[in-house]
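Letter by letter, the chains look like this.
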Amino acid sequence: TNTVKKIACIGAGYVGGPSMAVIALQCPNIEVVVLDINEERIKAWNSDKLPIYEPGLEEVVFAARGRNLFFSTDTTKHLGEADVIFVSVNTPTKMSGIGAGRAADLTYWEGAARMIAAVSKSSKIVVEKSTVPVKTAEAIAKVLTRNCVDPNVKFEILSNPEFLAEGTAISDLTKPDRVLIGGQETPTGRAALEKLKWVYAHWVPDNRILMTNLWSAELAKLTANAMLAQRISSVNAISALCEATGADVSQVSYAIGMDSRIGPKFLQASVGFGGSCFQKDILNLCYVCESVGLKEVSDYWYTVVAMNDYQKQRFVERVISGMFNTVAGKRIAIFGFAFKKDTGDTRETPAIDVCRGLLADGAKCAVYDPQVAPIQMFRDLSAPKYAWDRPHGWTKSENHIMESVQAVSDPYSCAAGSHAICVLTEWDEFKGLDYAKMYDSMVKPAFVFDGRNILDHDALRKIGFVVYALGKPLDPFLVRG
Ligand code: NAD
Ligand code: UDX
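The structure presented is a predicted model; accordingly, all values stated were derived computationally and were not measured. (Residues numbered from 1 in each chain as written. Chains lettered and ligands numbered in written order. Predicted model: local features only at pLDDT ≥ 70, side-chain atom pairs only at ≥ 80, totals over all residues. Heavy atoms only, no water.)

Overview of the packing of aromatic side chains
Here is the rule we go by: A pair of aromatic rings is counted whenever rings of Phe, Tyr or Trp (Trp by its six-membered ring) have centres within 6.5 Å, and the orientation is called stacked for planes under 30 degrees apart, edge-to-face for over 60 and tilted otherwise. Put simply, DSSP marks the helices as runs of H or I at least four residues long and the strands as runs of E at least two long, and each gets a number from the N terminus on. Accessibility here uses a 1.4 Å probe with only protein chains present; expressed as a share of the type maximum, an area under 20% marks a residue as buried, one over 50% as exposed, and anything in between as partly exposed. Whether a charge sits over a ring comes down to the Lys NZ or Arg CZ being within 6 Å of the ring centre and within 35 degrees of the ring normal.
All told, the structure shown has 14 aromatic pairs when counted by the stated rule. With a centroid separation of 6.3 Å and 65° between ring planes, the pair formed by Phe266 and Phe278 is classed as edge-to-face. Separated by 12 residues along the polypeptide, Phe266 in the loop between α10 (249–257) and α11 (278–291) and Phe278 in helix α11 bring together distant segments of the chain. A relative accessible area of 39% places Phe266 in the partly exposed class. Following the ring pairs from residue to residue traces out a cluster consisting of Phe315, Phe324, Phe447, Phe449, Tyr468 and Phe477. Here the basic side chain of Lys135 rests over the ring of Trp215, its NZ or CZ set 4.1 Å away from the ring centre. A cation sits over an aromatic face here: Arg178 above Phe163, 3.6 Å from the ring centre.

Focus: the site of ligand 1
Heads up, the condition is: Near residues are defined by distance, with any heavy atom within 4 Å of the molecule or strand qualifying the residue. We define a polar contact as two N or O atoms separated by no more than 3.5 Å, with the added condition that, inside protein, one atom must be a possible hydrogen donor and the other a possible acceptor, whereas residues neighbouring each other in sequence contribute only through side-chain atom pairs. When residues are sorted by character, Ala, Val, Leu, Ile, Met, Phe, Trp, Tyr, Cys and Pro go into the nonpolar class, Asp, Glu, Lys and Arg into the charged class, and all the rest, Gly among them, into the polar class. Note that the domain bounds were set by an automatic or database domain assignment.
Not every one of the 26 residues close to ligand 1 is listed here, only the nearest: Asp36, Arg41, Thr91, Glu166 and Lys280. Between Thr131 and ligand 1, the recorded distance is 2.9 Å, taken from a backbone N or O atom to an oxygen atom. The leading source of residues in the shell around ligand 1 is helix α5 (residues 107–119), at 3 residues. The residue makeup of the shell around ligand 1, split by class, is 10 nonpolar, 9 polar and 7 charged. In this structure, the shell around ligand 1 is formed jointly by two domains, domain 1 (6–204) and domain 2 (225–478), each of which donates at least three residues.

Let's talk about unusual backbone geometry
Trans peptide bonds make up the majority, and among non-glycine residues the majority have a negative phi. Residue Lys444 is joined to Pro445 through a cis peptide bond whose omega torsion reads -5°. A positive phi angle, close to 85°, is found at Lys135, a residue other than glycine. Within the element layout of this structure, Lys135 appears in the loop between β5 (124–128) and α6 (136–147). Assessed through its relative accessible area of 42%, Lys135 is described here as partly exposed. Positive phi, normally seen in glycine, also occurs at Glu348, with a value near 55°.

Observations regarding the domain arrangement of the chain
Often, the extent of an interface is quoted as the loss of accessible area on bringing the components together. Rules: Here the quantity called buried area is the accessible surface, traced with a 1.4 Å probe, that two parts lose on coming together, added over both. One speaks of a salt bridge when a side-chain nitrogen belonging to Lys or Arg is within 4 Å of a carboxyl oxygen belonging to Asp or Glu.
By domain assignment, the chain separates into domain 1 (6–204) and domain 2 (225–478). The gap between the C-alpha centroids of domain 1 and domain 2 is 33 Å. Both faces considered, domain 1 and domain 2 share a buried interface measuring about 1700 Å² in area, 56% of it formed by carbon and sulfur atoms. It is Tyr53, Arg102 and Glu166 that lose the most area in domain 1 upon contact with domain 2, and together they represent 38% of the buried surface on that side. Counting across the interface, domain 1 meets domain 2 through 2 salt bridges. Here Arg347 makes a salt bridge to Glu166, at a shortest N to O gap of 3.4 Å. In this structure, the connection of domain 1 to domain 2 is made through 6 residue pairs in polar contact (both at pLDDT 80 or more). Taken together, the residues that form the side of domain 1 that touches domain 2 break down as 12 nonpolar, 6 polar and 3 charged.

Description of the side chain of Arg331
For clarity, the threshold we go by: Only four residue types enter the tally: Lys and Arg on the positive side, Asp and Glu on the negative side; His and the chain ends are excluded. In this description, contact between two residues means that some pair of their heavy atoms is separated by no more than 4.5 Å.
Structurally, Arg331 is set in strand β9 (residues 331–335). Among buried charged residues, Arg331 stands out as having no salt bridge; its nearest opposite-charge side chain is Asp410, 8.4 Å away. At 3.1 Å, the side chain of Arg331 and the backbone oxygen of Cys414 are in polar contact. Every residue in contact with Arg331, bar those within four places of it in the chain, is listed here: Lys364, Ala366, Gln406, Val408, Ser413, Cys414, Ala416, Gly417, Ser418, His419 and Ala420.

Some details on the UniProt feature "active site" (unreviewed entry) in the chain
For clarity, the cut-off: UniProt positions are given in the numbering used here, feature names are shortened, and annotations may be inferred rather than shown by experiment.
Listed under "active site" (unreviewed entry) in the UniProt record, and renumbered for this structure, are Cys277. A relative accessible area of 30% places Cys277 in the partly exposed class.

A short note on the packing of helix α1 (residues 16–26) against helix α3 (residues 57–64)
The condition that has to hold: Axis lines are fitted through C-alpha atoms, for helices just across the contact stretch, and the angle between N-to-C directions can take any value from 0 to 180 degrees. Every angle not falling under 35 degrees, over 145, or within 65 to 115 is termed oblique; those three ranges are roughly parallel, roughly antiparallel and roughly perpendicular. Note: crossing handedness is left-handed where the near helix turns anticlockwise from the far helix by less than a right angle, and right-handed where it turns clockwise.
The N-to-C vectors of α1 and α3 enclose an angle of 50°; their axes lie 9 Å apart at closest approach. By the angle between their directions, the pair α1 and α3 is classed as oblique. For the pair α1 and α3, the crossing hand works out as left-handed. Where α1 approaches α3, its residues Pro18, Ala21, Val22, Ala24 and Leu25 are matched on the opposing element by Leu57, Val60, Val61, Ala63 and Ala64. Taken together, the residues of the contact of α1 with α3 break down into 10 nonpolar, no polar and no charged.

Here we look at the sheet that holds strand β14 (residues 466–469)
To keep it simple, the criterion reads: Being paired, for any two strands, means DSSP has found at least two bridges between them.
Taking strand neighbours across the sheet as the criterion, the 6 strands line up as β11-β10-β9-β12-β13-β14 in an open arrangement whose pairing is parallel. Where the open sheet ends on each side, the last strands, each with one partner, are β11 (405–407) and β14. Between one strand axis and the next, the sheet turns through 20° on average, direction left out of account. Sheet topology note: the β9/strand β10 (residues 364–368) ladder contains 5 bridges and is parallel. Pairing of Ile334 across the sheet is with Val367, part of β10. Sitting on the sheet, helix α12 (residues 295–322) is in contact with β9, β12 (420–423), β13 (447–450) and β14, with an inclination near 170° to β13.

Here it is as structure tokens:
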């Protein structure tokens, strides 16, 4: 039979937490236990203040927690009892050694596999939920079978990549475009596929559950992220051309998006894409291509990351050149630090690179974000960006830069005394603020650099602001410099 009685998930992060909570809510007869080595995180999942901010998450967790959803650090007990184990640990870019800066670091994954092997007394289905390089399943299978003491225990590996986006995780999980499950093309592989399909079939329509071979599922995840990021880099490249020619990138995006072959989504020009996935997964894809001798394919995808770096740099240069080629000693209000709205996540947020660029030119950054804790901002801005670039961390003089950063708890005090406002995250609340009130409290000429094109630029110009909007005809003031 297809019945699954108990699911365990290793990794209680942005993916493990929400995805297991939705499974528990939709499948009241399955016990779901989310495990982590990080005790603080588990404590937070068991408290009133969940460790991540995600619209709708509290409702789901509070409805299922204690009923059939549990958060625990007792890996031995729960992994031992589970018949299906999801692995949703982090797979960051490797920081040192071969492939540093590109390859995926599978240390956590391997650790999880060793843990499973050590405690398994019955056969298990092990599900790759983390994003991993193609062929990881093969490596994991070796670690599992060679480390398990009981020869009767069998492991079947499935790839079930997660496509949720942060900020919309609960609706993405509840109404997924598709659920993708890859498995081995053997009788036991097919049986495992059917079992996992049975779990999702509790709420996902049959025609949205795709079953493929293992490698297709692994590669489809990397490809989906690469293609999505590529759309953003393409439109961001065009935004630079718009500024140089007088075209308006929003009009261009709208016009091309009406072509049903292109479609309207993911064509919003921005200061750059961020988040824990896009850059990491493209670099990982490039590394996989290179490892199999496909340098041209690797070079092709790498340009998506290079264009994103260019876009962030271009934004910084526009701010500095617009403000008379110097921001030294000037207070700049940074509106938004998270990598997108409706999340408190700052991993790879463009705000880090933009703030660093401005700080390096001597600016003082006052940062406001409704969901990011000040300690997180300081951690992000002070940590070396790439360990492989700066093996000894920041120098003394660079540390000094941190004294120029201030975290502010409301947008009006953030703007007060500033020369400019830079919008770096598209939070809805930024659209409804009283900009006339802010203008009065700012140094003149007062600038707005809208890195997300969410504000009413004509209204701001009427108030008196000098406005820079991405990919739009330049404010005459900025052209003259
Ligand atoms: P995360 O860092 O938020 O969570 C990972 C968790 O795993 C951490 O809490 C960590 O303590 C825990 N962990 C690591 N090793 C462990 C071990 N041996 N035992 C128990 N716990 C362990 O990461 P995330 O954002 O949830 O991403 C997880 C995976 O999902 C990554 O591969 C990522 O690429 C992929 N993914 C992420 C997203 C997203 O939006 N964040 C979307 C789709 C896929
Ligand atoms: C992404 C994928 O969308 C998701 O399917 C995958 O599972 C994980 O990676 P996420 O990074 O959470 O999700 O958010 P996403 O909405 O994709 O945004 C990523 C970045 O691109 C953000 O910085 C966002 O602001 C930016 N973006 C998005 C744009 O700049 N323009 C757009 O049109 C869309």
